[in-house]
Amino acid sequence: MVLLKRWLPALIILATSPFANAAITIDGNINEPEWQQATEIRDLVTVTPYSREAPDHLTEIRYFADAEGIWVAVRNYQPATSHRSQIHAKDGASLADSNTLILDFDARTLNAYHFQLSLGGSRRDGIWSNQHHLNLDWDGKWYGATAAEADAWTSEFFIPWSVAPMVASESEERTLNMYIGRHARALGKDFAWPAASPTRQTFIGEFSSVSIPNFQWQPALDLIPYVSANYDNIESDDTWQAGLDIFWQPTRASKLSATLNPDFGQVESDDLVVNFSAIETFFSEKRPFFLENQSLFDVRGNENLRLMHTRRIGDSPDTGGSEGSDLDAALKFTQRLGNFEYGVFGAFEDDTGGTDGRDYTVGRGIWSTDRGKLGFLYTRVDHGAIDRIANVHTLDYEVDATSNVKLTGGLTASVIDEVTATEDGLGAWLVAQYSPIENWNNQLRLTHYDENLQLDDLGFLRRNNLNKIDLTSNYTLTDFSEDSVSLSRKFLVNVESEHNNTGDHLTDRYEFDWAEELKSTASIGLNLVYRTSGIDDLISRGAGNVELPERKSFNLYYALPRGRYYWQDFLYQRFEEGLDGYATFASTEINLFVNDQITLIPYISYIDSDDWIIWTDGNQLATFSRRLWDLQFNADIGFADKHTLRVKFQWLGLQADAKQGYITTPSGALQPTDDPVEDFDLADLGIQLRYRYSIGPLSDLFVVYSRGGSVFEETDQNSFSGLYQQSLDDKTGENLFFKLRYRF
């Protein structure tokens, strides 16, 4: 620790060194000679709405490649009065004009890398997979900037070749698939080259191919040490921690990543959630190492199934406790060999406090052709503390059966070895997509997860013991006359039917959705849902089935035209969530742009229900009337190009007044009882103030203050103002956190 404190000043000095490129300065001004000789593209079309008409404004794209990477500049012509600029948090929602560059480096449509710049210089990055799924959790090493003039604004991208592994090739030319998009915020439209849209099921497959020289590869090594300090105000205790991430790319097609004592992502906080259901809440990964170069292992299925959910790594010990397990090290290696790509992953928890940590092992391989891919994933978790070994084997595939029919799916098997027995489980899923014409898409989803399927040792499974058929059809209209107020109109019809493996009918669900985008940039939508009566086999937590009546919901959405400084949306819902009563939900979110540097986003929602049914204990359930407030306030403040302050506030307050207690009968019927049911109130508070100095790609300085409070009482005497004050007074955590992460 003394050595760490001695080196800390030197790390801070290194962290403030600016990035500069000898040939081109990344500043949004494309006045270097290289840009004048670059390949130029102008033939963008309108893709939102997907009319493929000529854009309202001219866009000029220039690109070239050298031994270091690929350079792309986009010049967006439009009057200065229509410029929409915003400095927002990295990967945050952009409410500004923006340009998007997406690259499929191997031109095989397996995945593509997303790079986005908003006017103002803010960035988003992520990885596209399964043709049209974007994961923004990934962070990459790339550079970009924007600059504005009176009649145009420009974005400038530099993407190093080391940002992603690529198939090795001895040919003189290399083919990339590319997409470049432009969002004109004042118009509510998107223009792109080529005519591809993320709303289409074959998005990645519609990119345009470009040919570039196949430059000689230079090995790349990134060392990213971090140091952090945390002061716990409740315990009056401070802790220091240091670790190291290593990313080595010896060849174009291979990459080795390792981490020692990785950090646990304290700079990002999860949203507060009140969850009384039997379904686990999903929280995304936030630790940098587990986000980098992870797309190969990202296998997903129906019902939000994920075969590798890295939030499990470092979770609470198997023997109990609320604190997470320490992680000693993790590593992963990936390589591409022609049409075959494979990778291995391992992570090892620390054996502390007399408890054995878990060991995680993953292997992955994919074989691909022009018509699809076939993959295999193996995961193993060794729970030394409880003598449990969980093995999962998964076969997944993707097939372009015809030009308008695509099939994706998988087969997974879990083998659980414990002291007492070995238990095997099986699951399978299929997604068939059919697009007979351009604006009409149909999707059939079939799901079977048997009652013994166990994936939660390393994966995420919303529920097992499920057989489901799901058919969705959506159609979009964009051909409106010039004097029409409509820009696009979408219709969706969805039909679902669910049974468990013992033959119980869970529910049938029928949905109709209509959404209208107006030329004024306002939007309106209507959603109707009807659920048949059926069985809930989870609500009693294993104490028996529960028969529930049919349920209906009505949802209405409206968003005001998107002004230069103000935008607001409204949502109203009327729905059933109990046995014979209704609930009302209303929410509104305001986006207030004080100027280009300050964005304020307050959000408020309220639920008033006279019939809410939840599980209380054993085979006992109860209905309550409930009132739930969700108050949020987010602010992004950009002091300069690299300095941002984020303020995040959320408070949840719930009052539940008991109405009637029930017990479940063997047939699943609910029988009223005279047993008393207690009222209860709860409140959760979360506050975070985060300062970030963006030194460069994968290099940041963070200072974070966070505070949490929680209240739960079996009473009906609290007012909401009283609950708020209690959650403010009864602190569950108060921390000041410092972190410096710098890439060498």
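For the structure itself, look to the data block above.
Definitions and cut-offs
- Residues numbered from 1 in each chain as written.
- Predicted model: local features only at pLDDT ≥ 70, side-chain atom pairs only at ≥ 80, totals over all residues.
- Heavy atoms only, no water.
- Helix = DSSP H or I, 4+ residues; strand = E, 2+ residues; numbered from the N terminus.
- Rg over C-alpha atoms; globule rule 2.2 N^0.38 Å.
- Buried < 20%, exposed > 50% of the residue type's maximum accessible area, 1.4 Å probe, protein only.
- Areas by Shrake-Rupley, 256 points an atom, 1.4 Å probe, with all protein chains shown as cover.
- Lys, Arg positive; Asp, Glu negative; His and termini not counted.
- Charge placed at Lys NZ, Arg CZ, Asp CG, Glu CD.
- Core = buried A, V, L, I, M, F, W, Y, C linked by side-chain atoms within 4.5 Å.
- Contact = heavy atoms within 4.5 Å.
- Pairing = 2+ DSSP bridges.
- Salt bridge = Lys/Arg side-chain N within 4 Å of Asp/Glu carboxyl O.
- 1 Å grid on protein atoms, 1.4 Å probe; cavity = no way out; pocket = protein on both sides within 12 Å on 5 of 7 lines; lining within 4 Å.
- Points joined across faces, edges and corners; volume = space filled by probe spheres on them.
- Nonpolar A, V, L, I, M, F, W, Y, C, P; charged D, E, K, R; others polar.
- Phe/Tyr/Trp six-rings, centres within 6.5 Å; stacked < 30°, edge-to-face > 60°.
- Lys NZ or Arg CZ within 6 Å of the ring centre and 35° of its normal.

(A) Just the overall build of the protein, in detail. Assigned secondary structure in the protein consists of 4 helices and 42 strands. Taking 2.2 N^0.38 as the reference for a compact globule, 744 residues should give roughly 27 Å; the C-alpha atoms of the protein span a radius of gyration of 27 Å, in line with that estimate. For the C-alpha atoms alone, the extent of the protein along its principal axes is close to 85 × 70 × 55 Å. The buried share among the 744 residues of the protein stands at 50%. Accessible surface, the protein: about 32,000 Å² in total, of which carbon and sulfur atoms supply 54%. One way to put it: in the protein the 62 positive side-chain charges average out to a point 6 Å from where the 109 negative ones average out.

(B) Structural view of the nonpolar core. Within the largest apolar cluster, 33 residues are counted, with the highest numbers of intra-cluster contacts made by V72, L101, F105, F115, I159, W161 and M178. Where this core is concerned, the elements lending two or more residues are β3 (59–65), β4 (69–77), β5 (98–104), β6 (111–118), β10 (152–160), β11 (173–184), β12 (189–193) and β13 (208–213). No other element matches β11, which puts 4 residues into this core. In this structure L101 touches V72, Y113, H114, F115, F157, I159, M178, Y179 and I180, once residues within four positions along its chain are discounted.

(C) Region of the structure containing the pairing of strand β27 (residues 466–477). Bridge analysis of strand β26 (residues 440–449) against β27 gives 10 bridges, and the strand direction is antiparallel. Its bridge partner being in β27, N441 is matched across the sheet by N474. With 11 bridges connecting them, β27 and strand β28 (residues 486–499) associate as antiparallel partners. Of the residues in β28, the one forming a bridge with L471 is V495.

(D) Looking closely at unusual backbone geometry. In the segment running from T48 into P49, the intervening peptide bond is cis, with an omega of 0°. Here P49 is to be found in the loop between β2 (45–48) and β3. The step from W193 to P194 runs through a cis peptide bond, and the omega angle for that step is 0°. Relative to the assigned elements, P194 resides in the loop between β12 and β13. Of note, A107 is a non-glycine position whose phi angle comes to about 55°, a positive value. The residue A107 is located in the loop between β5 and β6 in this model.

(E) Local environment of the pattern of salt bridges. Evaluated as defined, the whole model comprises 39 salt bridges. Across the pair R692 and D700 runs a salt bridge whose closest N-O atoms are separated by 2.9 Å. With respect to burial, R692 and D700 carry one shared label: buried. Counted as one network, the salt bridges with shared partners bring together E303, R462, K468, E496, E498, R509 and E511.

(F) Geometry of the environment of Q620. If you trace the backbone, Q620 turns up in strand β37 (residues 620–638). A residue is classified by how much of its surface remains accessible, and Q620, at 33% relative accessible area, is partly exposed. Linking Q620 and T673, residues 53 residues apart in sequence, is a C-alpha distance of 9.3 Å. Each residue touching Q620, except ones within four places of it in the same chain, is listed here: W615, Y662 and I663.

(G) Region of interest: empty space enclosed by the protein. Overall, the coordinates contain 8 cavities of 30 Å³ or more when judged by the stated rule. Lining the largest cavity are 13 residues, with K141, S162, D222, K255 and E292 positioned closest to its centre. Secondary structure elements with two or more residues in the lining of the largest cavity: β14 (220–232) and β15 (237–251). The class makeup of the residues in the lining of the largest cavity is 5 nonpolar, 3 polar and 5 charged.

(H) Expanded view of the environment of Q249. By the secondary structure assignment, Q249 is in strand β15. The exposure class assigned to Q249 is buried, which follows from its relative accessible area of 2%. Residues Q249 and V163 lie 86 residues apart in sequence; the distance between their C-alpha atoms is 9.7 Å. Ignoring anything within four residues of it in the chain, the contact list for Q249 reads S162, A164, P165, W217, P219, A220, S254 and K255.

(I) Examining the packing of aromatic side chains more closely. Per the counting criterion, the structure on display carries 30 aromatic pairs. With a centroid separation of 5.9 Å and an interplanar angle of 5°, the aromatic rings of F64 and W71 are classed as stacked. Residue class for W71 comes out buried when judged on its relative accessible area of 1%. Among the aromatic residues, those joined into a cluster by ring pairs are F105, Y113, F115, W138, W142 and F157. Taking the ring centre of Y565 as reference, the NZ or CZ of R564 above it sits at 5.0 Å. For the cation-ring pair, R626 lies above W612, with the distance from its terminal atom to the ring centre recorded as 4.7 Å.

Geometric values such as these leave the question of function open.
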